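What the coordinates show
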Amino acid sequence: MNLKNTPEHYGFITKSFHWVIAFCMILMIFLGFFMHPLMHVTGIDIRWIHKALGLTLLLLGILFNLWRIFTKKPPYLSSMKRWEEIAATASHHSLLTLIILMPLSGLIMSSYAGHLPSFWGLFTVGLPVTINPQIAHTFGEIHEILGIILSAVIVIHLLAVIRHHFFLKDNTLGRMR
């Protein structure tokens, strides 16, 4: 397996970024939507996991975006129609942008709330801002809206994967496995 992308397949580095980020994002969305009920039922404060995973995703998102800038990706399959290429490009750009904006909005919210996230217990991360509950609330709303948008884009992405793999039976998924 190649480390870098080839004209036919994504390389190990791209695949690793993709699948690790995908797993973490799905876990984060689950934690985000069910955090308060889970804390109520278990009595365990799991916000620290959500925040630590968010910081991890922010770092991975930045690194993945940089990797994509400096690495040529395989071209779309020749069987894809122009509208499919445009939709795929829009979907990928949305995901790559949301991978940064989602955790960044959470970091801004936590910083203004005075609840700095810990990076897996190693150190805390925060912005040098004065505590401001109104700004924290605004970024909390932004964080929630971005979560809904991100969830919708992930569902669209998964539906496209299902369409390519099971209905069109092309190699789109095979290039990322």
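See the structure above.
Attention in this report is confined to the structure presented alongside it. (Residues numbered from 1 in each chain as written. Predicted model: local features only at pLDDT ≥ 70, side-chain atom pairs only at ≥ 80, totals over all residues. Heavy atoms only, no water.)

**Notes on the side chain of Thr71**
Defined as follows: Per the convention used, a helix needs a DSSP run of H or I reaching at least four residues, while a strand needs a run of E reaching at least two, with both numbered from the N terminus. Any residue under 20% of the maximum accessible area for its type is buried, any over 50% is exposed, and the rest in between are partly exposed; the area is computed with a 1.4 Å probe on protein chains only. Counting of polar contacts relies on pairs of N or O atoms within 3.5 Å, with two restrictions inside protein: one atom must be capable of donating a hydrogen and the other of accepting it, and residues adjacent in sequence are counted only when both atoms are side-chain atoms.
Looking at the secondary structure, you find Thr71 in the loop between helix H2 (47-70) and helix H3 (82-113). Overall, Thr71 belongs to the buried group, its relative accessible area being 15%. Engagement of the side chain of Thr71 in a polar contact is seen with the backbone oxygen of Trp67, the distance being 2.8 Å.

**Considering the pattern of salt bridges**
What counts, and what does not: Note on definitions: salt bridges are taken to be side-chain nitrogens of Lys or Arg within 4 Å of carboxyl oxygens of Asp or Glu.
All told, the structure shown has three salt bridges when counted by the stated rule. Measuring nitrogen to oxygen at the nearest pair gives 3.3 Å for the salt bridge that ties Arg82 to Glu85. Placement of both Arg82 and Glu85 in helix H3 is noted, with a separation of three residues, approximately one turn of the helix. Since its relative accessible area comes to 58%, Arg82 is described here as exposed. Salt-bridge contacts for Glu84 lead to Arg163; the nearest nitrogen and oxygen are separated by 2.6 Å. Here the residue Glu84 occupies a position in helix H3, and Arg163 occupies one in helix H4 (residues 133-168), the gap between them amounting to 79 residues. Taking relative accessible area as the criterion, Glu84 reaches 6% and is therefore assigned buried.

**A few points about H4**
Test applied: In this analysis, the expected span of each helix is defined as 1.5 Å times one less than the number of residues it contains. Contacts are assigned to residue pairs with any non-hydrogen atoms lying within 4.5 Å of each other.
For H4, spanning 36 residues, the distance from its first C-alpha to its last is 50 Å, which sits close to the expected 52 Å at 1.5 Å a residue. Along H4, the residues classified as buried are Ala136, Gly140, His143, Leu146, Gly147, Leu150, Ser151, Val153, Ile154, His157 and His164. Contact partners of the buried residues in H4: helix H1 (12-42), H2 and H3. For H4, the side-chain oxygen to backbone nitrogen distance between the N-cap and Gln134 is 3.0 Å, and the N-cap itself is Asn132. A positive phi of about 55 degrees marks Lys169, the residue just after H4.

**Comments concerning H2**
Each α-helix turn comprises 3.6 residues. Residues three or four places apart therefore point the same way. Look at H2: 35 Å from first C-alpha to last across 24 residues, which is about the 34 Å you get at 1.5 Å a residue. His50, Ala52, Leu53, Gly54, Leu55, Thr56, Leu57, Leu58, Leu60, Gly61, Phe64 and Trp67 are the residues of H2 that are buried.

**Concerning the packing of H2 against H3**
Operational definition: Note on method: axes are straight lines fitted to C-alpha atoms, helices fitted across the in-contact stretch only, with angles between N-to-C directions ranging 0 to 180 degrees. For any pair of crossing helices, the crossing counts as left-handed if the nearer helix is rotated counterclockwise from the farther one by less than a right angle, and right-handed if it is rotated clockwise. Here the nonpolar group is Ala, Val, Leu, Ile, Met, Phe, Trp, Tyr, Cys and Pro; Asp, Glu, Lys and Arg are the charged ones; every other residue, Gly included, is treated as polar.
The geometry of H2 relative to H3 is characterised by a closest axis approach of 8 Å and an angle of 145 degrees between their N-to-C directions. The chirality of how H2 crosses H3 is left-handed. Across the interface between the two elements, Lys51, Gly54, Leu55, Leu57, Leu58, Gly61, Ile62, Phe64, Asn65 and Arg68 from H2 touch Leu96, Ile99, Ile100, Pro103, Leu104, Leu107 and Ser110 from H3. Of the residues assigned to the contact of H2 with H3, the class counts are eleven nonpolar, four polar and two charged.

**Digging into the packing of aromatic side chains**
Quick note on the threshold: Between the rings of Phe, Tyr and Trp (Trp by its six-membered ring), a pair exists once the centres lie within 6.5 Å; its type follows the angle of the planes, with under 30 degrees stacked, over 60 edge-to-face, and the other angles tilted. As a reminder, the over-ring test applies to NZ of lysine and CZ of arginine, requiring each to be within 6 Å of the ring centre and within 35 degrees of the ring normal.
Scanning all chains against the criterion turns up four aromatic pairs. Their ring planes at 85 degrees and their centres at 6.0 Å tell us that Trp48 and Trp120 sit as a pair that is edge-to-face. Residue Trp48 is located in helix H2, and its partner Trp120 is located in the loop between H3 and H4; the two are separated by 72 residues in the primary sequence. Above the plane of the ring of Tyr76 lies Lys73, whose end atom (NZ or CZ) is 4.0 Å from the centre.

**Quick notes on the packing of H3 against H4**
Threshold: The cut-offs work like this: below 35 degrees is roughly parallel, past 145 is roughly antiparallel, 65 to 115 is roughly perpendicular, and the gaps in between are oblique.
Two elements in contact, H3 and H4, have axes whose closest approach is 8 Å; the angle formed by their N-to-C orientations is 150 degrees. As far as their axial angle goes, H4 and H3 are roughly antiparallel. In terms of crossing hand, the pair formed by H3 and H4 is left-handed. Looking at the contact of H3 with H4 residue by residue, the class counts come to 20 nonpolar, ten polar and two charged.

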